[in-house]
Amino acid sequence: MSERLLPASPNWYCSRSSDTSPKGVFGFGAKSSVYLVNVTAASPVIAGELKGHRERVSGFAFCRYPGQEEICASSSDDGSVKIWDSQKQATLKEHKAHQSTITSLHWSPVVKDLLVSGDEKGIVVCFWHNRNETQSFFPEPRTIFCLSCSPHNENYIAVGYKDGMIVVIDISRKSEVLHRLRGHDDEIHALAWCPQPGEEELLPRAEETAEAEVANGRKVPDGERGCYLASGSKDQTVRVWSTARGKGVMTLKLPFLKRRGLGVDPTVKERLWLTVHWPHTRPTQIISSCFGGELVVWDLTRSGKQKWALLGSSSEGQNHTRIVFNMSSVCMGESRELLISTSMDRDVKCWDLETLDCCWTLPSLGGFVYSLTFSPVDTGSLALGVGDNMIRVWSTLSIQNRYDTKTFWQGIKSKVTALSWHPLKEGHLAFGTDDGKVGIYDSYSNKPPQISSSYHRKTVYTLAWGPPVPPLSFGGEGDRPTVTLYSCAGEGVILQHNPWKLAGEANDIDKVIRDTNGIKHKLSPHTDLSWKPDGEILAIGNEDGSIEILQAPALRLLCSIQQHHKIINVLRWHHEHGSQPDASHLLASGSNNATVYVHNLKSIIETPSDTPVLVTEPYRSLVGHTAKITSLAWSPHHDGRLVSVCYDGTAQVWDVLKEEAICNYRGHRGRLLCVQWSPVDPDLVWTGGDDFTVQEWAVSKQEHTKPPKGKKSIELEKKRGLQPKPKAKKKKKPAGKGHVAGDQGGRGAEEGASEPEEEQEDVPVKTEHTPTTAAVSKEPRCRQPDAIVSEKNRNGGKGFSFVARESLKDEKQREKQAEAPVKKKKPRSILPLSTSMDHRSREDQQRDCLTLAAVRHSQALPSNCVPGSGAHIQLGLFGDRAALYTMFEEEGRSHIEGGHYESLNSLLLWKGDLAGALQVAIEKGELTEHLVAVSPMAGYQVWVRAVEAFVKQLCFQEQYVKAASYLLSVHKVYEAIDLLKSQQLYREAIALAKARLLPEDPVIKNLYTTWAAILERDGHYSNAAKCYLAADSTYDAAKVIAKKGDVMSLKTAAELALIVGENALSNSLALRCARELLTAQDWLGAREVLQAQESLLGHQLVFCTSELLHQCLAGAELIDWSSASSHGWTVGSGVPFVDAVAVVWEREFGVSSADVDKVKLLHQQVKSVENPAATANIPIKQLLFHLSHDLTLAVLSSVALARGETVTAMLGALTRCRDATHFTLMRELCRLLLPKGMQSVSSLKAQLDHTDTHSIAAVQSLEAFVCYFQLYEMWWNQSNERPSETQPEKAALPQPSVAGLQRDAQNPSEPAAVNGTGPQDTADEEQGAIPTEEGSDTLEEEPCRSQEAMLASACAVLISETHAALQTTRSVIEEIQLRLSSMMQQHLHTAATPEEQQKELHALPESGSEHEATAASQSGASTAESTSLTSLIASVSEYNKQLAEIPEHIKRYPFPDVIECCLVILHMGRDSASALPEDLQRRCLALLHKYGTAASVIKARHKFCA
């Protein structure tokens, strides 16, 4: 599905996770997939992806048997081995014979259906997939690292182990070990067999190493032919073994090479991985990896330093920069062999083994793709921000290398989450990271980036270049930068960085916004920003879903958009070079809800209001995604074309102006995070996501139109993890001493519970993981019933009662033991050493008496006698104080060795060494409450240190409340509060702070706000609001309650905001609540909400008008009406709707013409709310509300006696229905507003000021629409008067097309029901038609006028030459502009030859649309000849001059299609039953000759003329 793709990185530390087929298809495991690449010497092409594993792919191999080269196999950490058809990309077979993690995989080069795999427990599994048979071997109880099947003997398999052992087994002899090859000291990373059988060439060199004389296995008979085997190990050596003699013949030590290249991060420590490969066409050469990513070619026929050569030594930068994991080769022709290597540097490289040079490099990605951005200066340079802590700059327009990529890593220590190119300086790229860092790279130099000294506390979301705002905007042109860098991060702050002085402190723009707009409340955290391309307007998205439009440089707030109700993720302005005048003012936004909203801010930006405007209605709503929107991009080649990406895993292209979906891309496997439109090709889009890929795809080649309805997101979740994370089992308490099985079960449960937690952190969750120990723990309980049954059977069925009696007897004995007095355990002696001396023999004790007498009464001490020490420790108790202290020291050392610190502390306290006792307890973490209680005896400082140490000890024991209480004892109130806060014990921290601190202390407010933020994040909005109220953040309290978005929350939030004085916020929330109630047709509830807001009287009038309009339309059976929660208002029949509404207003709201000033204020309030233009896809509920708004303006103007504005508002309502293509509603609305038809129009016209040209033009347009409906009514009545013919059902006044009238001209006896979308099938045309009956609901006819008089009057109004000229000129200009756009797009296709371009240009007028033919005929050009660009532009200028000559009041107001009306009149004139004046028909024909130049109109005109 994609044109180009940057894949995920090959998996690391696997012995063989990539392989190349004999047909030149290279496959490598990346995450849980296998990517397939077609290999040529020129460039790689991504051929597909094998999807099916749930966890990391650990092995991959192709079948090399002729005719089955497309068959391949893969192994995964999920325990499965799959066999694939690489062409069909489908699974053929699968087995799960392994019980442990699979570490190696190889396809036998000799047996076509033999697949061999090994696991970390030492099990080798052979799988014959044609027979679907498996056989397991266990040659050694060691961890297998790699294995390789012999290419010459179908039964020989070499296995390498983690401890350096290599064994060669024969699977035909029940895994008999042929050789145990000892010599390596560490892990075996790779094994490779010599492609040529026999050992003749290298035998003369077998004596070069001393260890080659040592045999490692059985002696092979001379007649048995062997083969060489090469091995690479972590011990930095490559060894060549003779499998015929079972010993090593050569040892190759890796050369120490100087690290080459610039892409090496010296801070990253990497282990050595030594992989080896034996080329198919070079039996005397071995290729191995080296320390730093170099590849070495060893010539086994040479000796000394000339034995090896380095790949890529001809020029700098060809080698890998990190260790290489896998190598494989493919023969291209007879003599050329290409080598493919994968490395930790995330590059896949192709080498020519003849020249030893790198042919091409395929970069890959090791993390989520967070950001994509094209350079505005260097066209085609695409920057990628990736989660592997690196930036890629991809030259997408490179012809020689389609994957020409440069990598930047210096100065980046975390994920790159935001990028932005400098708009003027080539190569300057700003980046933001996950750890809050902001910097600028020069992509044309190798210098480290400049890093801003101002760090964000959380992830950087967005970077944008824009004009400077205060204080950087102060000063002259040379004193300040032309553009500055803005960054928005997760903490909700937008910083302005000076690119000239990144070492200086960045400025928070919130201060400028507050000062300029006089805002005192806390601003909502910002989540995104976007500068308008002209640098005049800044859009900021907030966490609460609001969008603020600010005018630079002072950042004056122009308007606030309250459309989204969830966090804003992305904002994008439309480009400035569009052909549509309003397109440059379009702002697209996406949030956590699945809808993209587009707002047209032209009127707000061009004519800003004195006060900020509140926008609650979008210009367009793009609905289809099923998850949160993550990124948006406008097409630079089209007007109003937008692409959006989403967590549902798809990218959607929209036509915003038509509000239609164009195509949907579903090539990614995970969630999409970023998108960019190609700056050179209008058909190409680039997307990146969490599947570690960047994909280029064509809009025109997609088969889907709209996003999937929730199914895709479910499939994506299944792909990420097919089962939930394993839950840790509860620990079981060990049973009593007699229950051995219970003890085993308890230990087993504990061990089993720990295993899933470790796996959960390091590796993906396994689906079938069952800890062995947990299974063992359940065995004893399962076996107990079996033991009882077997005992019963052995005793002939009488054993059960015997067992029962024995159990009752045991219970009685246990009860007696429980009733017996429990013997108290003797407390442990505090002097155990001296006490133990009392239990010696009588002779020893009597000898102690003599020694003690000599010590106390003799001058000379016995030899080797130290009372209180050694063998005389017991004498310390009976000697002097010094002897006692010596005994204490000996006893103390004994207590330390035994861990009895409480006894040691008692000894120290007895000595009076309180400080020493405290010091020992602190060092050992054995402080007690008793020691802390007596610590003041040693002094204040000692007491404080003891308390602090005890607090740390309590925190380690998770007794935080007690620790805070001890801090209070030493008067550390703030420290106690911080301790509780750090453990998120906010309730306790606030209680303590309010009890001990002053009410105005800022710590209390900080606690409330911090706790509120956490509660808000967790969805506890009511408690969060309480915290904000307690912190006097009333604005935030109301906002957080409204965050839930339901009616109750919005109503509560509005009342709260009104109570605390936030009137503007209260009004906004009340309106949102009322709109929700209006959707549910709860009119009483909506009015109740709005009545509480005195300043929303104008909106109450709109809701009243809406209710009356719904009631009237429900009577006409156009909509559903529920009167359960409505007012008792009624509109009398025959009374104009405007007058009826005015009567209700005066009765219910006191609004009348008596207070003109009040009416004018209400008119201004209602008019300040702008509604977008209607489209064909607008929902009926939204359309009715917009109509209610227009009709409210009409009624207010009527009450204020402003008849001109009344007419304009009524005309606007009818125009809105026409734009929505809802003609039945338009007809009914016309009947409500003008119940007497032309008589009502005449009455309005009589009340107007005839000097006001605009009012006269508006009423003429209104009169034209009434005549338009009368014309169609007479046409249908004329059809119904012919009973002899079968009449079609009457359509609900659709908008006719020229094609339909052309068909009617051919068959005038059958008037057709046509619509505005062109000719359709009859069944389609009759859908929604209304049968014609007597008394049908049509416009009322005036009884005093005849049919012919009415027709003549209507035709006189409709046949306006001025409007015909205006409509035709506008149509011609539009079609010429379409042709210009089409010609420009054709010239952008550079791939086409000049002859093809000229051919397409000549064919353009013929293959174009009907409108293009119209434009060509109007400009005098032939449809068979090409029109030059110059002549088309000149034609546009000429028609614009003609358009300028038409009066403005004519162009301002809509008018029915004059050409269409002429065709209808001529169609009616051909009916013999109706007689039209000849001059009227001549006028119609004259207008058709002059302005009806479209092909279909010309054809219809000829029919009438005939």
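About the cut-offs
Residues numbered from 1 in each chain as written. Predicted model: local features only at pLDDT ≥ 70, side-chain atom pairs only at ≥ 80, totals over all residues. Heavy atoms only, no water. Salt bridge = Lys/Arg side-chain N within 4 Å of Asp/Glu carboxyl O. Helix = DSSP H or I, 4+ residues; strand = E, 2+ residues; numbered from the N terminus. Buried < 20%, exposed > 50% of the residue type's maximum accessible area, 1.4 Å probe, protein only. Expected span 1.5 Å × (residues − 1). Arc of directions from axis to C-beta. Pairing = 2+ DSSP bridges. Axes fitted to C-alpha atoms, helices over the stretch in contact; angles between N-to-C directions. Phe/Tyr/Trp six-rings, centres within 6.5 Å; stacked < 30°, edge-to-face > 60°. Lys NZ or Arg CZ within 6 Å of the ring centre and 35° of its normal. Contact = heavy atoms within 4.5 Å. Polar contact = N/O pair within 3.5 Å; in protein donor to acceptor, adjacent residues only side chain to side chain. Parallel < 35°, antiparallel > 145°, perpendicular 65-115°, else oblique. Nonpolar A, V, L, I, M, F, W, Y, C, P; charged D, E, K, R; others polar. pLDDT = per-residue confidence, 0-100.

Draft legend 1. Seen up close, the pattern of salt bridges. Inspection of every chain in the model, using the stated rule, returns 39 salt bridges. Arg669 is paired through a salt bridge with Glu49; the nearest N and O atoms lie 3.8 Å apart. With Arg669 in the loop between β54 (660–665) and β55 (672–677) and Glu49 in strand β5 (residues 45–51), this pair connects stretches of sequence that are 620 residues apart. In this structure, Arg669 and Glu49 share a single accessibility class: buried. A salt bridge links Asp848 to Arg840; the shortest N-O distance between them is 1.9 Å. Residue classification places Arg840 among the partly exposed positions, given a relative accessible area of 26%.

Draft legend 2. Highlighting helix α40 (residues 1478–1491). With 14 residues, α40 should cover 20 Å at 1.5 Å per step; its first-to-last C-alpha distance of 20 Å lies within 8% of that length. Of the residues making up α40, those classed as buried are Leu1480, Cys1484, Leu1487, Leu1488 and Tyr1491. For α40, the arc enclosing every buried residue in end-on projection is 100°, short of the 170-degree limit, so these residues lie on one face. Projecting away from the buried face of α40 at angles above 90 degrees are the exposed residues Glu1478, Arg1482 and Lys1490.

Draft legend 3. Spatial organisation of the sheet that holds strand β16 (residues 166–170). Taken together, four strands build an open sheet; the order of strands is β14-β15-β16-β17 and the sheet is antiparallel. Of all strands in the sheet, those bounded by a partner on one side alone are β14 (144–149) and β17 (176–181). Between one strand and the next, the sheet's axes are offset by a mean angle of 20°, whatever the strand orientation. Taken together, the five bridges between β14 and strand β15 (residues 156–161) define a ladder with antiparallel strand orientation.

Draft legend 4. Summary view of the sheet that holds strand β10 (residues 102–107). Taken together, the four strands give an open sheet; going across it, the order is β10-β11-β12-β13, and neighbouring strands pair in antiparallel fashion. Lying at the two open borders of the sheet, with one neighbouring strand each, are β10 and β13 (133–137). Between one strand and the next, the sheet's axes are offset by a mean angle of 20°, whatever the strand orientation.

Draft legend 5. Inspection of helix α27 (residues 1203–1219) at higher detail. With 17 residues, α27 should reach 24 Å at 1.5 Å per residue; the first-to-last C-alpha distance of 24 Å fits that figure. For α27, the complete set of buried residues consists of Gly1204, Thr1206, Val1207, Ala1209, Met1210, Leu1211, Ala1213, Leu1214, Thr1215, Arg1216 and Cys1217.

Draft legend 6. Focus on the packing of aromatic side chains. Within this structure, the stated rule accounts for 25 aromatic pairs. Summarising the aromatic geometry, the rings of Tyr940 and Trp943 are spaced 5.7 Å apart at their centres and angled 70° between planes, so their arrangement reads as edge-to-face. Here Trp943 and Tyr940 lie together in helix α13 (residues 940–956), a separation of three residues that amounts to about one turn. Aromatic pair Tyr1268 and Phe1269: ring centres 6.0 Å apart, planes at 75°, arrangement edge-to-face. By relative accessible area, Phe1269 is classed as buried at 1%. Taken together, the ring pairs connect Trp12, Tyr13, Phe145, Trp273 and Phe325 into an aromatic cluster. The side chain of Lys31 reaches across the aromatic face of Phe692, ending 4.0 Å from its centre. The aromatic ring of Tyr619 is capped on one face by Arg620, whose charged end is 4.0 Å from the ring centroid.

Draft legend 7. Structural detail: the environment of Ser869. You can see Ser869 is positioned in the loop between α8 (842–857) and α9 (881–898). Through-space distance from the C-alpha of Ser869 to that of Leu884 is 9.4 Å; in sequence the pair is 15 residues apart. What Ser869 contacts, discounting residues up to four positions off in sequence, is Thr886 and Glu890. There is a polar contact of 3.3 Å between the side chain of Ser869 and the side chain of Glu890.

Draft legend 8. Expanded view of the packing of helix α14 (residues 960–969) against helix α15 (residues 973–982). Between α14 and α15, the least distance of the axes is 8 Å, while the angle of their chain directions is 170°. Judged by the angle between their axes, α14 and α15 are roughly antiparallel. For the pair formed by α14 and α15, the contact residues are Tyr960, Val961, Ala963, Ala964, Leu967 and Leu968 on the first element and Val973, Glu975, Ala976, Leu979 and Leu980 on the second. Residues that form the contact of α14 with α15 fall into these classes: ten nonpolar, no polar and one charged.

Draft legend 9. Representation of the pairing of strand β24 (residues 295–299) in the model. Counting buried positions along β24 yields five of five residues, so the element is predominantly enclosed. Here β24 shows a buried face lined by Leu295, Val297 and Asp299 and a second buried face lined by Val296 and Trp298. Bridge count for strand β23 (residues 285–289) against β24 is five bridges, and the pairing is antiparallel. Along β24, the bridge assignment pairs Ile286 with Trp298. The pairing of β24 with strand β25 (residues 308–310) spans three bridges and is classified as antiparallel.

Draft legend 10. Inspection of the confidence of the model for the chain at higher detail. For the chain, per-residue confidence averages 80 on the pLDDT scale, and residues scoring 70 or more make up 80% of the total. This model gives residues 260–264 a pLDDT under 50, and the stretch forms 15 contacts once residues within four places in sequence are excluded. In this model, residues 720–809 is a region of pLDDT below 50 whose contacts with residues beyond four sequence positions or in other chains number 63 contacts.

Draft legend 11. Seen up close, unusual backbone geometry. Note that the residue after Pro470, namely Pro471, is joined by a cis bond; omega there is 5°. Of note, the bond from Ala552 into Pro553 is cis; its omega dihedral lies within 30 degrees of zero at 0°. Counting through the fold element by element, Pro553 comes out in the loop between β44 (547–551) and β45 (556–561). In this structure, Lys31 takes a positive phi of about 55° despite not being glycine. Tracing the backbone shows Lys31 in the loop between β3 (25–30) and β4 (33–38).

Draft legend 12. The arrangement of the environment of Lys1160 in detail. As for its position among the elements, Lys1160 is in helix α25 (residues 1156–1167). You can call Lys1160 exposed: its relative accessible area is 53%. Sequence separation of Lys1160 and Ala1200 is 40 residues, and the distance between their C-alpha atoms is 7.1 Å.

Draft legend 13. Representation of the pairing of strand β47 (residues 586–591). Among the six residues that make up β47, six are buried, leaving the element largely enclosed by the rest of the structure. Burial along β47 is two-sided: Leu586, Ala588 and Gly590 facing one way and Leu587, Ser589 and Ser591 facing the other are all buried. Sheet topology places strand β46 (residues 568–573) next to β47; five bridges connect them, and they run antiparallel. Looking at the pairing, Ile568 lines up with Ser591 of β47. Examined bridge by bridge, β47 and strand β48 (residues 595–600) share five bridges and lie antiparallel to one another. The residue of β48 that forms the bridge with Leu587 is His599. What sits between β47 and β48 in their antiparallel hairpin is a turn of three residues.

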